[in-house]
Amino acid sequence: MTEIEQAAELIADAAANGQPIVAFTGAGVSQESGVPTFHGSNGIWQKYDPGQVATFDGFLDDPALCWRFHEELRALCLRSRPNPAHLALAWIERALSTHAPTPVVTQNIDGLHRAAGSTRVLELHGSCHRMRCIECEFSSDEMPTQFGVLPPSCGECGALLRPDVVWFGEQLPSDAMAEAHRLAESAGVMLVIGTSATVQPAASLPVVALRQGAALIEVNPEQTPLTPMVDLSLQGPAGTTLPQLAEAVGTLLNSAPGE
Ligand code: OAD
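Residues numbered from 1 in each chain as written. Predicted model: local features only at pLDDT ≥ 70, side-chain atom pairs only at ≥ 80, totals over all residues. Heavy atoms only, no water.

Undergrad: Which parts of the structure should I look at to understand helix H11 (residues 238-254)?
TA: Given 3.6 residues to a turn, an α-helix orients residues that are three or four positions apart in the same direction. Between the first and last C-alpha of H11 there are 24 Å, a value that for 17 residues agrees with the 24 Å anticipated at 1.5 Å per step. Buried within H11 we find Ala238, Gly239, Thr241, Leu242, Leu245, Ala246, Ala248, Val249 and Gly250. Buried positions along H11 lie against helix H1 (3-16), helix H2 (28-31), helix H7 (84-95), strand E7 (189-193), strand E8 (215-219) and strand E9 (232-234). (Helix = DSSP H or I, 4+ residues; strand = E, 2+ residues; numbered from the N terminus. Expected span 1.5 Å × (residues − 1). Buried < 20%, exposed > 50% of the residue type's maximum accessible area, 1.4 Å probe, protein only. Contact = heavy atoms within 4.5 Å.)

Here it is in structure tokens:
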């Protein structure tokens, strides 16, 4: 049996028992859509200082610079389309819908899982398609194609608006993180896709799932700190590996009992 077939069997068995199949994704799942990853030799953090563009202090120091970075990233995300990896996850959700929930817990802010048709997506690091006021309660996902002036200010109170993303040193949205924990604890299988699994607290979720007895399947062309712990390591790009996995799951679902 190939590793893909073994992974499909783990997924089909867990789903048959009604256990959630949780996908935990990072920047690598969008790499084949043209959105660069963060770490590594071609990563975003090679070109930009995260202290300047991804911390609240950096934002306060130079809000226009910080916004220019986020606007460049948002424009790239708006131009990008879901790739076969995003589409395969959405397909798996539909295929297993009568068996088990298949939520996606993502660190990505690009919106590509929803664009691919996944319906249950937890965005742990927020979304580049939303903004909020740093002073009042105002938030909105109606962002102009391009701002006339950067940084934009709040129409309600005049304070600075900021991208509704989680920066280094900030708390993750507590409801999303609590839900992600619940999912990790109840998962029968966690698919860990395209993440270096190094940025906390999100990176602890696979470990939570593992401790609660979930099978971990990693999809990544590189080794990560999680690789020694996983049940199966599918070493390859997500855009090739996940469609193969979806096809193998489909084959198992269509086979008659006992086959
Ligand atoms: P990273 O940039 O840390 O890691 C990307 C991972 O994707 C690496 O392990 C790559 O090997 C893998 N990868 C690259 N191409 C791939 C492909 N085609 N298919 C599958 N995997 C591929 O990105 P994240 O783990 O998402 O946080 O980073 C986590 C957080 O750190 C981000 O959300 C961001 C960043 O700094 C904040 O901005 C707060």
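Undergrad: Mind showing me how you'd approach the site of the ligand here?
TA: Around the ligand sit 22 residues in total, of which Phe38, His39, Thr195, Ser196 and Asn220 are the nearest. Between Ser196 and the ligand, the recorded distance is 2.5 Å, taken from a side-chain N or O atom to an oxygen atom. Between an oxygen atom of the ligand and a side-chain N or O atom of Asn220, the distance comes to 2.7 Å. Here the ligand loses 91% of its free accessible area of 790 Å² to cover by the protein chains. By residue class, the composition of the shell around the ligand is nine nonpolar, eleven polar and two charged. There are two domains that each give the shell around the ligand at least three residues, and those are domain 1 (1-34 + 82-125 + 172-259) and domain 2 (36-79 + 127-165). (Near = heavy atom within 4 Å. Polar contact = N/O pair within 3.5 Å; in protein donor to acceptor, adjacent residues only side chain to side chain. Areas by Shrake-Rupley, 256 points an atom, 1.4 Å probe, with all protein chains shown as cover. Nonpolar A, V, L, I, M, F, W, Y, C, P; charged D, E, K, R; others polar. Domains from an automatic or database assignment.)

Undergrad: Mind showing me how you'd approach the domain arrangement of the chain here?
TA: Where interface size is given, it is often the accessible area lost as the parts come together that is meant. One can read the domain layout of the chain as domain 1 (1-34 + 82-125 + 172-259) and domain 2 (36-79 + 127-165). With both chains or domains summed, domain 1 and domain 2 bury close to 860 Å², and 64% of this area falls on carbon and sulfur atoms. Our count for the contact surface shared by domain 1 and domain 2 stands at one salt bridge. Two residues, Arg130 and Glu123, come together in a salt bridge whose shortest N-O distance is 3.8 Å. Here the side of domain 1 that touches domain 2 is built from residues that sort into three nonpolar, seven polar and two charged. (Buried area = accessible area lost by both parts, 1.4 Å probe. Salt bridge = Lys/Arg side-chain N within 4 Å of Asp/Glu carboxyl O.)

Undergrad: What am I meant to see in unusual backbone geometry here?
TA: Of all residues except glycine, most have a negative phi; of all peptide bonds, most are trans. Along the chain, Leu150 connects to Pro151 via a cis peptide bond; the corresponding omega equals 0°. If you trace the backbone, Pro151 turns up in the loop between strand E5 (139-140) and strand E6 (161-165). In this structure, Pro201 follows Gln200 across a cis peptide bond, with omega equal to 0°. Here Pro201 lies in the loop between E7 and helix H10 (205-211). The phi angle at Ala197 is positive, at roughly 55°, despite the residue not being glycine.

Undergrad: Sorry, what's going on with the environment of Leu65 here?
TA: Among the secondary structure elements, Leu65 is positioned in helix H6 (residues 63-79). Between the C-alpha atom of Leu65 and that of Thr37, which follows or precedes it by 28 residues, the distance is 20 Å.

Undergrad: I would appreciate a short explanation of the packing of H1 against H11 in the present structure.
TA: For any two helices packed against each other, the geometry is given by the interaxial angle and the distance between the axes. Contact geometry of H1 with H11 gives a least axis separation of 8 Å together with a crossing angle of 55°. Here H1 lies oblique to H11, going by the angle between them. H1 and H11 meet at a crossing whose hand is right-handed. Residues Ile4, Ala7, Ala8, Glu9, Ile11 and Ala12 of H1 form the contact with H11, whose own contacting residues are Thr241, Gln244, Leu245, Ala248, Val249 and Leu252. Of the residues that constitute the contact of H1 with H11, the class distribution is nine nonpolar, two polar and one charged. (Axes fitted to C-alpha atoms, helices over the stretch in contact; angles between N-to-C directions. Parallel < 35°, antiparallel > 145°, perpendicular 65-115°, else oblique. Left-handed = near helix turned anticlockwise from the far one by under 90°.)

Undergrad: Sorry if this is basic, but what is going on with the packing of aromatic side chains here?
TA: We describe a pair of aromatic rings using the distance from one ring centre to the other and the angle between the two ring planes. Applying the stated rule across the entire model yields seven aromatic pairs. Between Phe59 and Trp167 the ring centres are 5.4 Å apart and the planes differ by 35°, which places this aromatic pair in the tilted class. Of this pair, Phe59 sits in helix H5 (residues 56-61) while Trp167 is found in the loop between E6 and helix H9 (174-186), placing the two residues 108 residues apart along the sequence. Residue classification places Phe59 among the buried positions, given a relative accessible area of 0%. The cationic tip of Arg162 hangs over the ring face of Trp167; the distance from NZ or CZ to the ring centre is 3.9 Å. (Phe/Tyr/Trp six-rings, centres within 6.5 Å; stacked < 30°, edge-to-face > 60°. Lys NZ or Arg CZ within 6 Å of the ring centre and 35° of its normal.)

Undergrad: Quick question: what am I supposed to make of the sheet that holds strand E2 (residues 104-106) here?
TA: Within a sheet, neighbouring strands are paired by backbone hydrogen bonds and run either parallel or antiparallel to one another. Reading across from one edge, E3-E2-E1-E7-E8-E9 is the order of the six strands in this open sheet, with parallel pairing throughout. The open sheet terminates on both sides in strands that have one partner only, identified here as strand E3 (121-123) and E9. The sheet shows a mean angle of 20° between the axes of neighbouring strands, direction not considered. Pairing of strand E1 (residues 21-25) with E7, which is carried by five bridges, proceeds in the parallel orientation. Directly across from Phe24, in E7, lies its bridge partner Val192. (Pairing = 2+ DSSP bridges.)

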